[in-house]
Structure formats: structure tokens, C-alpha cells
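One letter stands for each residue in the lines below.
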Amino acid sequence: MNQYDVTVIGSGPGGYVAAIRCAQLGLKTALIEKYDTLGGTCLNVGCIPSKALLDSTEHYHNAHSTFQEHGIELSDLRVNMPQMNDRKNGVVKANTDGIVYLMKKNKIDVLHGLGSFVDKTHIKIKPTGGGEEQQIETKNVIIASGSKPTVLPFIAQDKERIITSTEALNIREVPKSFVVIGGGVIGLEMASIYARLGSEVTVIEYTDALVPTMDSSIGKELKRVLGKIGIKFLLGHKVTGATREGDTVTVSATSPKGEEVKVAGDYCLVAVGRSPYTAGLNLEAAGIEMEERGRIKVDEHLQTNVPGIYAIGDVVRGAMLAHKAEEEGVFVAETLAGQKPHINYLLIPGVVYTWPEAAGVGYTEEQLKEAGRAYKTGNFPFRASGRARASGDLDGFVKVLADKTTDEILGVHMVGPRIADLIAEAVTAMEFRASAEDVARMSHAHPTYAEAMKEACLAATDNRAIHM
Ligand code: FAD
């Protein structure tokens, strides 16, 4: 029987990163994955294919809407959905092949099949396509089994017309109409993809705001700017059902006034969040405790109640984000190697890859108010940025929240061009506990979108933004 120092179950961004870091630290490591390809949700049906389609559809939308203004004239512009999807599949393959390469490079044994506990130190691997089971012995286990789309019990998803994000990333035609249940990150990204292609898109959201966990300024701005590309929003609407007849899906909802509303579409995407996935792991055999909402219970070291068994990523508490899973993978590997790693969960940024993009890190204004913390605000709109004027990306803003007395940056929230990358500046500043004044005094190249961060920090310190 093969013996390992560490066995990682699940090859998503949490699992494969944990495996690489374990191997780098000299631990004999195995990685178990039930699917044929490595990379988990993120690489196969999440972050990567969605960004590939977002990029393709952004090109198409720009060719239609802004090229003329730039003096570029095109005629006979058409979408080739099979080609767009083939390109996306190619991008996914290049990424998942990259993980195979990294496993080989780091001498990690990859075992394909469903991993399940026999006891605390033995794992059984059942090949997905049949074949002989094998068993391994391991000193430590890192569970990184991820998540699956949450289902609404009163909606029967046939995965053809009433679909999850996985199917929404694989539609090989432009839907005439597309209904999205859920105005969170995944819902808005998918809504953007199809609205840009010309589908009539309606987003139905239960709360009265989009991306309700982010700073409320972000949801308001996204509603305004995504409305400009034709997306309709029904906020405060409680979905009560969805039925399919032929190729049409009708979604019923109750409006804030209590009226019954019906919205019909070629497709209905249910994007109401994701749930931790532990099916088939046989956690009971190892005596692993769970907590609410199907998550595996872990302590501050990400260790379960069983010494030597850890859990990371979407299957444990916290933001369901690839980079959070990655940080936790490194954290556990370094803990196993006797190091004392640290994760600052406050500084895990959240990003929405619509156009303009949206991002936030640190405390929201609502959280500061609720905590009774004295703070000040600096705002800078992209319409006052020279770089944004040159590219024509005038929507959005950077908002900096700083402690009223010490000036320490407490939160940064943005909507704007390329701010998925710009949020890294806010994370860096906050990790070093910078004040708004510190950032305001740093040189930012001109003309760049990043100048909006400097200007917002200037605005936060004695209202001295230069270009506003
Ligand atoms: P996963 O990536 O879910 O991987 C878990 C793996 O474990 C899977 O491959 C599964 O097959 C395997 N597994 C489970 N049980 C077993 C078992 N018993 N035996 C063997 N293998 C098993 N996050 C971002 O940060 N940025 C984004 O832009 C982003 N976009 C997204 C877009 C979409 C459409 C979706 C759905 C998600 C997106 N996410 C994004 C979220 C991100 O994909 C997840 O947070 C991330 O993948 C979680 O990583 P993980 O390692 O915890 O689990």
C-alpha cells in the first residue's frame, strides 16, 4: 500500500495549490480527483471559462457599440457561438493541462477517482469510470472537495432550459431571452455575457440590492450601468417557481407589492449561490464533524475535530472564492511543515467581472456604520480620469473609507475599468496598514486608472483631490 505524508482530496484551486506547497516543503503528497481533468470548479466550470466568455462577448459588444466612436467601421458583424465556445474550451484545456504539468514537476502522485475515508489514515480511491479500487495510507489529509450550485427545492432543474452556471457556460446559440434568478456575482457575470450577445436579459433578485454582500454603492452603480446594456432588474422579487413548456421557461415571482409577476425566457439560470460538497467522502468513517449549511467544521488552523485532517476552500466557512481557497491551501501546507502562517480574511478581495468591473476589500460602509466606527470617505469618479476619458470608460468610481482619527484605510470599493487588477493596490496598502495620506503621497503613473485610487485617497484626507 502506498504511503504519503499528505493526501489532498480535490484538485480545485484549494487542493492543487495545497499539494504544490506540500511538495515544495518536502512532504510526500498525493492528490485525488474524481474528474478526468484537474482544476476543480474554478478551472473547468467557473472562473476561467466565465472570464473567457466575458472577454469574447466584451469584444463583440465593443465592436457593436463603441468601435464607431473610435473611428473603426465594421460591417456584417456576426457572432459564431460554436467558435466562441471552442475558444473557451481551449482556454480551459490550456489551464487544466498546466495543472497536470505542475503536478509532474512537483512529483505529486495524481490519483483519479472518488476519494473516501476508510478510517482516519486510510483513503480508498474508486476510479470514476469503473476499474480496480485502490487504498492508500496517509499521515495527514487535506479535504478540498469544493462546492456545487445551490438548488431551489421548488424548481426542477432539467439542466437543458432550467440550468446552473455550468450549463450557462456551454450554450451553443444566442438565446433570444435569458432569465437569471439571483443578482449575485455569478448571476451578473452570466447576465452580462448574454446581454452583450443581444439576448433580452432579466435578473430577478430576492433582496432589494444587487451583489448584496458588497458595499451598497457597488450594487447601485452596477444596476445603473448594466441597465445601459439592456439588462432588466426585478429587485425585491421572491421567485416562487419556474416551469418549462417546450423551449420556453416561465419564472413566477412575487413583487414587493405582493403582485404575481411572470417572466418568460428561452433559458432560466438559477444562480442563488453555492453549497459545500461532501457527498461520497464518507466523513463519518473518520469521525469528522460538520457545521451548519453542510460545511466541514474547522478551527483557526483549518484543522477538523480529527487531528491531522484539515479542510479548505469552498467546503469550509468564509468567502467562496478561488484565491481564498488558494491562501488556505498554502496555510495548511505550511502548518504541516511546522511553520506559523497567517491569513488576513478581511483582506480577501471580492471581484465582479462585469464591464465595468466591480471590486471591494475590507469593511463596507454598512459594516462600519453598524459597528459605530468613526470613518471618513473619499470618492473619485472615473468620469474625472484622463485615462478613462481616453478609453471611453466613464462609469464607476473609487471609494476609500478611512478611520476618522488615524486615517488608516478600512475599506476600498470600486466600480470601473480594469479595477479587478486595481483592487490589488488597495489590498497591498491595507496589508501594510497604510493611511489614506500614505497612498495619496505615492506617485501613480499618468494617465492610468490607478490614479483614481490616489485621488480617492486625496479626497479622503482633507478633501484635496486634484482633478475634481
Ligand atoms: P473546487 O474548485 O470546487 O474543487 C473541488 C474539487 O474536488 C472538484 O474538482 C471535485 O471534483 C473534487 N472532489 C470533490 N469530492 C471529491 C472526492 N470525494 N474525491 C475526489 N475528488 C473530489 N472565484 C473567484 O475567486 N473568481 C472568479 O472569477 C470566480 N468565478 C466563478 C464563476 C463561476 C461560474 C463559478 C461557478 C464559480 C466561480 N468562482 C470564482 C468560485 C471558485 O470557482 C471557487 O471558489 C473555487 O473553485 C473553490 O475552490 P476549491 O478548491 O475549494 O473547490
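Residue numbers here run from 1 along each chain, matching the order of that chain's written sequence. Given that this is a predicted model, residues contribute local features only at a pLDDT of at least 70 and side-chain atom pairs are listed and counted only at 80 or more, while totals for whole chains, interfaces and linings are drawn from all residues.

Where an unreviewed UniProt entry is consulted, the protein appears under the name Dihydrolipoyl dehydrogenase, with the organism given as Hymenobacter actinosclerus. Under the heading Catalytic activity (unreviewed entry), UniProt records this for the protein: "N(6)-[(R)-dihydrolipoyl]-L-lysyl-[protein] + NAD(+) = N(6)-[(R)-lipoyl]-L-lysyl-[protein] + NADH + H(+)". Entered under Sequence similarities (unreviewed entry) in the UniProt record, the comment concerning the protein runs "Belongs to the class-I pyridine nucleotide-disulfide oxidoreductase family." UniProt positions are given in the numbering used here, feature names are shortened, and annotations may be inferred rather than shown by experiment.

Student: It is not clear to me how the sheet that holds strand S21 (residues 397-403) should be interpreted in this structure. Could you clarify?
Tutor: Sheet strands associate in pairs through backbone hydrogen bonding, adopting either a parallel or an antiparallel arrangement. The antiparallel open sheet is built from 5 strands, whose spatial order is S18-S19-S22-S21-S20. With one partner strand each, in any of the chains shown, strand S18 (350-352) and strand S20 (375-381) form the two edges of the open sheet. Strand after strand, the sheet turns through a mean of 10° between neighbouring axes, direction not considered. In this scheme, strands are said to pair when DSSP sees at least two bridges between them. A run of H or I in DSSP becomes a helix once it reaches four residues, and a run of E becomes a strand once it reaches two; helices and strands are each numbered from the N terminus. Sheet topology note: the strand S19 (residues 357-362)/strand S22 (residues 409-416) ladder contains 6 bridges and is antiparallel. Counted as the bridge partner of Gly360 is His413 from S22. Whether two residues are in contact depends on their C-beta atoms, placed from the backbone: they are in contact if these lie within 7 Å. Angular values range over 0 to 180 degrees, each being the angle between N-to-C directions of two axes fitted as lines to C-alpha atoms, with helices fitted over their stretch in contact. On the sheet, helix H11 (residues 419-431) packs against S18, S19 and S22 and is oriented at approximately 10° with respect to S19. In the packing of helix H13 (residues 451-460) onto the sheet, the strands contacted are S20, S21 and S22, and the crossing angle to S20 comes to about 140°.

Student: Help me understand the confidence of the model for the protein in this model?
Tutor: Detailed reading of predicted coordinates is not advised where the pLDDT is low. The quantity called pLDDT is the predictor's confidence in a given residue, expressed from 0 to 100. Looking at the protein as a whole, the pLDDT averages 97, with 100% of positions reaching at least 70. For this predicted complex, the interface confidence comes out at an ipTM of 0.99, alongside a pTM of 0.97.

Student: What exactly am I supposed to notice about the domain arrangement of the protein here?
Tutor: Interfaces are often sized by the amount of accessible area the parts lose when they come together. The domain boundaries assigned to the protein delineate domain 1 (2-149 + 275-337), domain 2 (162-272) and domain 3 (356-462). When each unit is reduced to the centre of its C-alpha atoms, the spacing between domain 1 and domain 3 is 32 Å. Domain segmentation is taken from an automatic or database assignment of domains.

Student: Please explain the sheet that holds strand S14 (residues 260-265) as it appears in this structure.
Tutor: Strand order in the open sheet formed by 3 strands is S12-S13-S14, with antiparallel pairing between adjacent strands. Where the open sheet ends on each side, the last strands, each with one partner, are strand S12 (238-245) and S14. Geometrically, the sheet is characterised by an average inter-axis angle of 20° between neighbouring strands, direction not taken into account. Bridge analysis of strand S13 (residues 248-254) against S14 gives 6 bridges, and the strand direction is antiparallel. Counterpart to Ala253 in the pairing with S14 is Val261.

Student: Just checking my understanding: could you explain helix H4 (residues 81-105) for this structure?
Tutor: Residue pairs three or four apart in sequence face the same way in an α-helix, which turns once every 3.6 residues. Over its 25 residues, H4 extends 36 Å from the first C-alpha to the last, a length consistent with the 36 Å expected when each residue adds 1.5 Å. Three or more residues of H4 are buried, namely Met84, Lys88, Val92, Thr96, Ile99 and Met103. Buried-residue contacts for H4 involve helix H1 (13-24), strand S2 (29-33), helix H2 (40-45), helix H3 (47-65) and strand S3 (109-112). Where H4 terminates, the next one or two residues include Lys107, which has phi positive at roughly 55°. Take the number of residues in a helix, subtract one, and multiply by 1.5 Å to get its expected span. The burial label depends on the number of other C-beta atoms within 10 Å of a residue's C-beta. Counts of 20 or more mean buried, 12 or fewer mean exposed, and intermediate counts mean partly exposed, with C-beta atoms placed from the backbone.

Student: In this structure, what is going on with the site of the ligand? I would like to understand it.
Tutor: Any residue whose C-beta atom, as placed from the backbone, lies within 6 Å of a molecule or strand is termed near it. Taken together, 37 residues form the shell around the ligand, and within it Gly10, Gly12, Gly40, Gly146 and Gly313 come nearest. Those elements that provide at least two residues to the shell around the ligand are H1, S2, H2, H3, strand S4 (114-119) and helix H8 (322-336). In the scheme used here, Gly and all other residues not listed as nonpolar or charged are polar, with Ala, Val, Leu, Ile, Met, Phe, Trp, Tyr, Cys and Pro taken as nonpolar and Asp, Glu, Lys and Arg as charged. Among the residues making up the shell around the ligand, the classes are represented as 16 nonpolar, 18 polar and 3 charged.

Student: How should I be thinking about the packing of H3 against H4 in this particular structure?
Tutor: Helix-helix packing: each pair is described by the crossing angle between the helix axes and the interaxial distance. Following both chains from N to C, one finds H3 and H4 inclined at 140°, their axes separated by 9 Å at the closest point. With respect to their mutual orientation, H3 and H4 come out oblique. For the pair H3 and H4, the sense of crossing is right-handed. Residue-level contacts link Ile48, Pro49, Ala52, Leu53 and Ser56 of H3 to Met84, Arg87, Lys88, Val91, Val92 and Asn95 of H4. Here the residues of the contact of H3 with H4 are counted per class, giving 7 nonpolar, 2 polar and 2 charged. Orientation categories follow fixed angle ranges, with anything under 35 degrees roughly parallel, anything over 145 roughly antiparallel, 65 to 115 roughly perpendicular, and all other angles oblique. Left-handed describes a crossing whose near helix is turned anticlockwise from the far helix through less than a right angle; right-handed describes the clockwise counterpart.

Student: Hey, could you run me through unusual backbone geometry in this one?
Tutor: Backbone phi values are negative for most residues with the exception of glycine, while trans is the configuration of most peptide bonds. Going from Trp355 to Pro356, the amide bond is cis rather than trans, its omega being 0°. As for its position among the elements, Pro356 is in the loop between S18 and S19. Between His446 and Pro447 the backbone carries a cis peptide bond, its omega angle lying at -10°. By the secondary structure assignment, Pro447 is in the loop between helix H12 (436-440) and H13. One non-glycine residue, Arg293, adopts positive backbone phi at about 60°.

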